[in-house]
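Single-letter residue listing:
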Amino acid sequence: MVDRRFIVNYNDSDFPIDYDTDDGYEVFKFQLFSLTNVPPDEQKIIGWDGDRAVSDDSDLITISEKLRLVSISEEEEEKSENSVEACSSGIAQSDEELARMLQAEEDALMFQQFVASDNGNGMKNRIMPYVAQVLMYEDPKRQEEARKTVPMLELEEKALVSLAKLNAFLYEDLQEVYMKQPQGFAAQGEIGKEGNFKPSRTEQDHAFLLQLLFWFKQSFRWVNASSCDSCGNQTISHGMGTPLQSEDDFGCSRVELYRCQSCSTITRFPRYNDPVKLVETRKGRCGEWANCFTLYCRAFGYESRLYGKGILMRLVEPEIQGKLYLCSLSNVSIPDSGFYRSCLDRMLLTVFWKWMHLDPCEGIFDNPLLYEKGWDKKLNYIIAIAKDGVYDVTKRYTRKWHEVLSRRNIATEAALSAVLANITNDCRKGFTTQVLSTLEERDRIEMEAIEIDYHSKDYASTSLPGRQSGDKEWRISRSEFGSDDNCSLSSSSCPVRMCIDQHVTRIYNAFYPILHSFILNSLSKSRAVEILKMFRSIVVELKDSPFRTRKASIKRDSSSAKFFVDQMLPSFSELFEALSLKCELGTDGRVEICLAGDPVKTSLALPVVFDGLGDVICNCNICDNFSKDSLSLPLVKLNRICSGLVLASGEELPFGIATSAFDGIQNSKWEEPNGAKGCWIIYKVLDNKMQELVAYELMSANDAPERDPMNWVLFLSSVLGGRFEVVVNECLGIRSRNAFSLVKPTANFEGLLLYILR
């Protein structure tokens with residue numbers, strides 16, 4: 001071990017670092033990160049007396065004690081600013097590049113004059129069938145049939161819980177605030193720590209829409225080849241068949257035939273166009289998925305537009321109006337939270353008539369560049385069709401307009417505009433002057449927004465996946481495979497997120513009086529576990545009941561139940577309060593448990609209590625001496641830190657974001673796309689308060705062993721003290737589902753860094 005003291009200069013400030021060279025170069029970079037807020041992968045460290053860069057191979061024992069730190073991104077940005085002249089619209093783009101793009105567009109338009117039909121009839125013939133199609137979505141009977149199949153209360157609960165996990169006050173860009181503060185999260189005291197339990201009607205509608213998308217993704221079935229109707233085994237293609245009258249009644253124009261490889265039975269796969277039939281069959285490919293989901297959107301009052309098959313693909317674009325807020329998502333089997341713009345935790349300005357891209361097949365929203373950037377799709381026409389008109393929105397889905405123009409050879413741009421205008425005018429016949437004025441204003445705002453979006457910079461830190469729905473051969477045949485089959489929607493540069501987890505701490509604290517009461521009443525370990533399991537069954541009953549009228553009852557029909565009600569129930573009062581529940585004595589002697597406050601708070605807390613009870617029961621069972629001395633860690637987890645800010649090396653969107661590591665729910669997780677190669681996560685204490693760490697708990701997920709933590713380093717930081725100390729250096733050596741560690745009481749800290757080495 002060699003202790004060294006380095007002086008690192010960054011942005012004209014000197015940062016002293018006391019460092020043990022045995023910890024390695026990566027640990028040194030994280031110490032710099034804690035002081036300068038420059039992430040490790042953005043650091044370029046140079047010797048003070050020259051341009052020689054410090055690297056993994058450098059000998060930290062012999063290098064100069066004076067070093068200079070440069071942020072790679074800031075360095076590149078500075079070079080860009082010096083070499084690129086901003087154009088009048090504020091877009092940083094060189095004159096040469098702009099001229100090249102304009103010339104390419106001009107060449108494409110010139111080429112279009114020679115190869116495209118001038119009258120636009122070809123495009124009109126492609127569009128008109130879908131104009132009639134979208135009118136089906138306005139049929140009240142079809143809408144009612146669709147609503148009957150939706151678990152509306154369940155989705156409403158998930159939507160409200162997602163909003164409750166959104167803190168009430170968010171900066172427009174907390175990432176920028178974090179990076180610019182000399183003490184990291186110094187502005188944190190100005191940020192609210194309570195969730196949004198009183199959302200507006202508009203916010204609720206938007207959150208419900210995303211839950212509807214996630215539910216549809218789980219409930220609708222993708223068909224590659226129909227399974228055998230007789231035995232359920234695999235089939236192979238057997239050509240095409242003629243629609244039966246019963247199939248033709250629901251708009252079926254073609255039928256695919258499949259022969260069973262086991263029993264040779266022929267199975268029919270009718271390609272229905274009537275969305276009400278698809279509500280019944282709940283299966284199909286991209287055409288059926290988008291067709292049916294658009295009906296669901298209209299059934300719940302969302303203005304929606306369908307894209308015509310044969311022009312590009314079928315997608316859905318619901319219209320969003322009003323003030324929008326973005327929030328986080330949790331990783332559960334059917335997501336229970338969140339929405340908008342890849343779940344970036346920031347507040348949007350007031351937006352009217354915003355159309356949001358939704359892809360029901362992929363379960364992805366507000367990522368219009370998915371097809372060009374992720375699927376590597378060569379776009380040409382994207383025409384949105386609605387009851388009030390048809391719209392060319394291709395430019396929203398590309399950042400390579402000059403290339404797209406070269407492929408638009410069905411009609412000239414002038415002919416296309418004329419066709420769309422004529423169809424739209426026909427759709428709007430009979431509309432009042434006021435409605436027409438509103439639609440024209442909406443169209444104008446949309447076209448302006450498309451132009452602004454086109455010239456905006458891409459989110460380079462977000463990777464977009466190739467197509468996931470459909471088998472591999474089918475995706476390749478459609479040129480929708482993308483460059484990476486295993487790619488998923490992820491972000492390698494996360495925003496700063498705030499943990500909405502005060503309820504988790506309250507619940508953990510509420511277990512103490514329960515266990516203390518067991519000890520005072522001299523209960524054996526087995527009797528204590530019996531009572532905890534009894535209460536857990538009550539929690540299950542509460543979880544399964546409707547969230548707005550949630551209730552459960554305790555029958556006094558056994559000696560155990562009577563003992564629980566008469567002797568133990570008072571010790572659960574703090575836990576009931578954390579759950580926003582109350583107990584009432586019924587006329588028949590039963591104890592009725594019902595809501596005492598906001599039902600959303602109960603919905604938020606119940607899964608935490610359920611998992612927490614499981615942990616307590618497990619720790620009781622392995623407790624050697626169930627006595628007053630056992631009321632400590634890990635059985636009792638008092639004073640859990642909460643409401644902090646979190647930053648991570650990467651995260652999976654939308655169901656593996658960084659705050660999922662602290663939400664108290666075992667079914668959710670923080671997922672780092674590159675976690676198998678090592679990763680890090682930082683937690684900053686609320687209001688920069690100093691804390692003392694006595695224990696930490698780390699649980700791995702159970703789905704991908706290659707991403708499980710095998711060894712890690714835990715750092716504590718104190719900005720005021722100028723120190724960044726290694727307090728834990730763990731190595732499991734084998735896969736472990738759960739790791740709980742007591743640590744030697746440490747000096748006060750205000751930040752944690754967990755660096756997982758793998």
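Treat the numbers as computed from the prediction; the structure is a model and nothing was measured.

Student: Requested: an account of the overall build of the chain, with residues and values cited.
Tutor: In terms of regular secondary structure, the chain is built from 21 helices and 30 strands. Split into buried and exposed, the 758 residues of the chain put 51% on the buried side. Restricting to contacts in the chain with at least 6 residues of sequence separation, those with at least 24 account for 70%. When the accessible surface of the chain is summed, it comes to about 34800 Å², and 49% of that surface belongs to carbon and sulfur atoms.

Student: I'd love a proper account of the sheet that holds strand S21 (residues 581-585), names of residues and values included.
Tutor: For sheets, the rule is that strands pair by backbone hydrogen bonds, running either parallel or antiparallel. On the basis of which strands lie adjacent, the open sheet formed by three strands has the order S20-S22-S21 and antiparallel pairing. Two strands close off the open sheet at either side, each with one partner strand: strand S20 (551-554) and S21. Neighbouring strand axes in the sheet, compared pairwise and without regard to direction, differ in orientation by 25° on average. Here four bridges tie S20 to strand S22 (residues 591-595), and the two strands are oriented antiparallel to one another. Bridging across to S22, serine 553 finds its partner in glutamate 592. Strands in contact with helix H18 (residues 525-544) are S20, S21 and S22; relative to S20, the strand with the most contacts, it is inclined by about 150°.

Student: I'd like a description of helix H6 (residues 152-164), backed by residues and values.
Tutor: With 13 residues, H6 should cover 18 Å at 1.5 Å per step; its first-to-last C-alpha distance of 18 Å lies within 8% of that length. Within H6, the full set of buried residues consists of Leu155, Glu157, Lys158, Ala159, Leu160, Val161, Ser162, Leu163 and Ala164. Looking at the buried side of H6, the elements it contacts are helix H8 (201-219) and helix H21 (599-621).

Student: Tell me about the sheet that holds strand S7 (residues 255-260), and name the residues and values.
Tutor: Read across the sheet, three strands follow the order S6-S7-S8 without closing on themselves; strand pairing throughout is antiparallel. Since the sheet does not close on itself, it has two edges, and those belong to strand S6 (235-241) and strand S8 (266-270), each with one partner. Averaged over all adjacent pairs, the angle separating strand axes in this sheet is 30°, with direction ignored. One ladder, built from five bridges, connects S7 with S8; its direction is antiparallel.

What counts and what doesn't
Residues numbered from 1 in each chain as written. Predicted model: local features only at pLDDT ≥ 70, side-chain atom pairs only at ≥ 80, totals over all residues. Heavy atoms only, no water. Helix = DSSP H or I, 4+ residues; strand = E, 2+ residues; numbered from the N terminus. Buried < 20%, exposed > 50% of the residue type's maximum accessible area, 1.4 Å probe, protein only. Contact = heavy atoms within 4.5 Å. Areas by Shrake-Rupley, 256 points an atom, 1.4 Å probe, with all protein chains shown as cover. Pairing = 2+ DSSP bridges. Axes fitted to C-alpha atoms, helices over the stretch in contact; angles between N-to-C directions. Expected span 1.5 Å × (residues − 1).

Keep in mind these values describe shape, not function.
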